[in-house]
Amino acid sequence: MSTSRFAAMPDAQGFFGPYGGQFIPPALKQAMDDIDRAYEEIRQREDFQRELAELLADYVGRPSPIFHAKRLSQQLGGAQIHLKREDLNHTGAHKINHCLGEALLARFMGKKKVIAETGAGQHGVALATACAMVGIPCEIHMGEVDVRKEHPNVTKMRILGCKLVTVTRGAATLKEAVDSAFEEYLNDPANYFYAIGSVVGPHPFPKMVRDFQAIIGREARSQFQAKHARLPDIVTACVGGGSNAIGMFTAFLDDDGVQLVGVEPSGEGLDKPGRHSATLTRGHPGQLHGMACYVLEDAQGVPAAVHSIASGLDYPGVGPQHSYLKDVGRVRYETASDQETLDAFMTLSRVEGIIPALESAHAVAWAMRIAPTLTADQHILINLSGRGDKDADYVAERLGL
Ligand SMILES: *Cc1c(COP(=O)(O)O)cnc(C)c1O
């Protein structure tokens, strides 16, 4: 019997304590239960596990290495900093790990089309990539404003052969893209597969996306142990919806000696409503997108406007498992501001020659703040969730480089 306090989560209804579940119309419940059943079947199958393992190795390039950032550690004059290099994956971030899993599951279920929304285009590109490789049609909904802003990702999606639906209603950003993609999905949930891009949404997505991302922590834990004959003191990752963080944390949840720290964006300041995206730090329990979780709401109780310099982190909700892990105190949630994140982005680039995604740079920023307060025999492991090619032009313009 497992002695793990966390391995059995969520329960059969998809709850992590009071969070998670399925807060959805009855018409969708059947579709979600079908996905759960198919997922539980496929995960037990040896042929599926073998195919996924092979693709993660030969297509994604796993295992991603752990790099000891010696110069950065020395410069900060405290703890040793190590980076789990998810930025080296095919397509440049952790998202390919669960997009591959979702595309394989959609094919196994005989679905005719995979549908998703995308904000900055990162989820769209990872999903279009996985669907091209698996050979299943893919349709991505994206707000017109984002289509104009995120041109390189839009071009990539077109090259990869997915159908791009430009959404012009309302503010024409992520929220409208979600609504539009969801409407299309509701036209035929039996034949379509809605591929959620993080550990959010109704059960079984928070469980399933976590399981597909858990490879990060499994690799990192054994790589670190092999190299240093011990575990890190602190493991940290940025938190938007929370998929790269939960993927890293899961393997360490039962290691009581390892501190786990999720880093949320405090944007332009936690005291400025609408100008941050620190859901666990400033939000409260509520419901969003079919799940119970911490949410940021305005005075009228509607999801608040959110902001982060990293467009992959500006979400007014957060994964239900993170909500639970905060309440029980197993994970601590801290914040990093836009300015600290920009500084960390430039420092990592210039001291280690690694340009991080602005999302990942939040975790680097927090580690840079804490490292000088620790000693040289202490170790911080950062999940570097993605590379910063997509952010390079923006940062250069903003800093006048
Ligand atoms: C999308 C993205 C994130 C945020 O998503 P999570 O689900 O919170 O991990 C973080 N880092 C990178 C590089 C991303 O592309």
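Predicted model only: the values in this text are computed from it and were never measured.

A.B. asks: Can you help me understand the environment of Gly-317 in this one?
C.D. replies: Its location among the elements puts Gly-317 in the loop between strand S12 (291-295) and helix H13 (320-327). The buried category is assigned to Gly-317, whose relative accessible area is 0%. Remark: the alpha-carbon pair of Gly-317 and Gly-242, spanning 75 residues in sequence, is separated by 9.7 Å. When near neighbours in sequence (up to four residues on either side) are disregarded, Gly-317 contacts Gly-240, Thr-279, Leu-288, Cys-293, Tyr-294 and Val-295.

A.B. asks: Could you clarify how one ought to interpret the UniProt feature "domain: Tryptophan synthase beta chain-like PALP" (unreviewed entry) in the chain in this entry?
C.D. replies: Per the UniProt entry, the sites bearing "domain: Tryptophan synthase beta chain-like PALP" (unreviewed entry) are residues 61-386 in this numbering. The span residues 61-386 carries 40% helix and 20% strand; its end-to-end C-alpha distance comes to 14 Å.

A.B. asks: What am I meant to see in the UniProt feature "modified residue: N6-(pyridoxal phosphate)lysine" (unreviewed entry) in the chain here?
C.D. replies: The UniProt entry lists Lys-95 under the feature "modified residue: N6-(pyridoxal phosphate)lysine" (unreviewed entry), expressed in the numbering used here. Leaving out residues up to four positions away in the same chain, Lys-95 has contacts with Gln-122, His-123, Ala-126, Gly-197 and Gln-213.

A.B. asks: What am I meant to see in the packing of helix H1 (residues 26-44) against helix H4 (residues 95-108) here?
C.D. replies: Helix packing geometry: the angle between the two helix axes and the distance between the axes. Put simply, H1 and H4 touch, their axes get as near as 10 Å, and they point 105° apart. The orientation of H1 with respect to H4, classified from their angle, is roughly perpendicular. Of the residues in H4, those touching H1 at Ile-35, Ala-38, Tyr-39, Glu-41 and Ile-42 are Leu-104, Leu-105 and Phe-108.

About the criteria used
Residues numbered from 1 in each chain as written. Predicted model: local features only at pLDDT ≥ 70, side-chain atom pairs only at ≥ 80, totals over all residues. Heavy atoms only, no water. Helix = DSSP H or I, 4+ residues; strand = E, 2+ residues; numbered from the N terminus. Buried < 20%, exposed > 50% of the residue type's maximum accessible area, 1.4 Å probe, protein only. Contact = heavy atoms within 4.5 Å. UniProt positions renumbered as here; feature names shortened; annotations may be inferred. Axes fitted to C-alpha atoms, helices over the stretch in contact; angles between N-to-C directions. Parallel < 35°, antiparallel > 145°, perpendicular 65-115°, else oblique.

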